[in-house]
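# Structural characterization, general
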Amino acid sequence: MPDVSKPPEDPRVRLAGERTLLAWVRTGLAMMGFGFVVARFGLFLRELEAAGTATAHQSTGLSLWIGIVLVLAGVAATLLAAVQHARFLRRLDRGEPFAPPRFSLGIVVALGLAVIGVWMALYLLGVGR
């Protein structure tokens, strides 16, 4: 028998959670795609050099590692978003009020991308070569 003491669930709440999850999935995919491009950029430069259309440069292979970190960051963001969404749905199903997560996934991703961005800038400036 349905519980008549609580009002019916507003479907917009569940749909908003789905939209948030999908936004994080898009963010994770973008990070993975950009990481793939960065990882392959070093290979592209070596191909240009071999074809004789670019000047030789000293490569550290760091673009591969930066790309791998970006891909893994995208995977982590997607997995964390899925876990956060599952917790949200469980709370919703139990009829519990909204409780913000202990950490903001957006802030964590923003700080991580800022660190990776500084790493990429230093690499492009030639620091550490």
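These figures come from a predicted structure and were not determined experimentally. Along each chain, the written sequence defines residue order, and numbers are assigned to residues from 1. For a predicted model such as this one, the threshold for reporting local features is a pLDDT of at least 70, and the threshold for listing and counting side-chain atom pairs is 80 or more; totals across whole chains, interfaces and linings nevertheless cover every residue. Values shown for side chains rest on all heavy atoms present in the structure; no hydrogens or waters enter the calculation.

### Describing the layout of surface pockets
Detection works on a 1 Å grid of protein atoms alone, calling trapped sets that fit a 1.4 Å probe cavities and calling open sets with protein on both sides within 12 Å along at least five of seven lines pockets, with lining residues defined by an atom within 4 Å of a point. Grid points are joined across faces, edges and corners, and a volume is the space filled by probe spheres set on the points. Space inside the largest pocket adds up to approximately 520 Å³. Here a helix means four or more residues in a row that DSSP labels H or I, a strand means two or more in a row labelled E, and each is numbered from the N terminus. Broken down by secondary-structure element, the contributors of at least two residues to the lining of the largest pocket are helix 1 (11-51) and helix 2 (62-94). Ranked by residue count, the leading element in the lining of the largest pocket is helix 2, at 8 residues. Under the scheme applied here, ten amino acids are nonpolar (Ala, Val, Leu, Ile, Met, Phe, Trp, Tyr, Cys and Pro), four are charged (Asp, Glu, Lys and Arg), and all others, including Gly, are polar. Here the residues of the lining of the largest pocket sort into 13 nonpolar, 4 polar and 3 charged. In this model, the second largest pocket occupies a volume close to 260 Å³. Contributing to the lining of the second largest pocket are 13 residues, with Glu9, Arg91, Leu92, Gly95 and Glu96 lying nearest its centre. Per-element accounting of the lining of the second largest pocket gives the leading share, 3 residues, to helix 2. Of the residues belonging to the lining of the second largest pocket, the class tally is 7 nonpolar, 1 polar and 5 charged.

### Section: helix 2
Here the expected length of a helix is defined as 1.5 Å per residue gap, with one fewer gap than residues. End to end, helix 2 covers 48 Å across 33 residues, agreeing with the expected 48 Å (1.5 Å per residue, within 8%). Within helix 2, the full set of buried residues consists of Ser63, Ile66, Gly67, Leu70, Gly74, Ala77, Ala81, His85, Leu89 and Leu92. Downstream of helix 2 by one or two residues, glycine 95 has phi in the positive range, about 75°. For each residue, the accessible area found with a 1.4 Å probe, counting protein chains only, is set against the maximum for its type, and the residue is called buried under 20%, exposed over 50%, and partly exposed in between.

### With respect to the nonpolar core
Here, nonpolar core refers to any group of buried Ala, Val, Leu, Ile, Met, Phe, Trp, Tyr and Cys residues whose side-chain atoms link them within 4.5 Å. If you look at the biggest cluster of nonpolar residues, it comprises 7 residues: Leu21, Trp24, Met31, Ala77, Ala81, Leu105 and Val109. Breaking this core down by element, the ones donating at least two residues are helix 1, helix 2 and helix 3 (105-125). At 3 residues, helix 1 tops the list of elements feeding residues into this core. Contacts between residues were defined by any pair of non-hydrogen atoms, one from each residue, lying within 4.5 Å. Those residues within four positions of alanine 77 in sequence are excluded, and the remaining contacts are Met31, Leu105 and Val109.

### Concerning the side chain of histidine 85
Looking at the secondary structure, you find histidine 85 in helix 2. For histidine 85, the contacting residues outside a window of four places in its chain are Gly17, Glu18 and Leu21.

### A look at a nonpolar patch on the surface
Together, Leu64, Trp65, Ile68 and Leu72 give the surface a local cluster of nonpolar side chains, amounting to about 390 Å² of exposed area. Among the secondary structure elements, isoleucine 68 is positioned in helix 2. Judged by its relative accessible area of 32%, isoleucine 68 falls in the partly exposed class. Note on patches: the residues involved have over 30% relative accessible area and no salt bridge, like charges join within 9 Å, and the nonpolar side chains Val, Leu, Ile, Met, Phe, Trp and Tyr join within 5 Å. Here the accessible surface of atoms and residues is derived via Shrake-Rupley with a 1.4 Å probe, and residues count as covered only by protein chains that are part of the display. One speaks of a salt bridge when a side-chain nitrogen belonging to Lys or Arg is within 4 Å of a carboxyl oxygen belonging to Asp or Glu.

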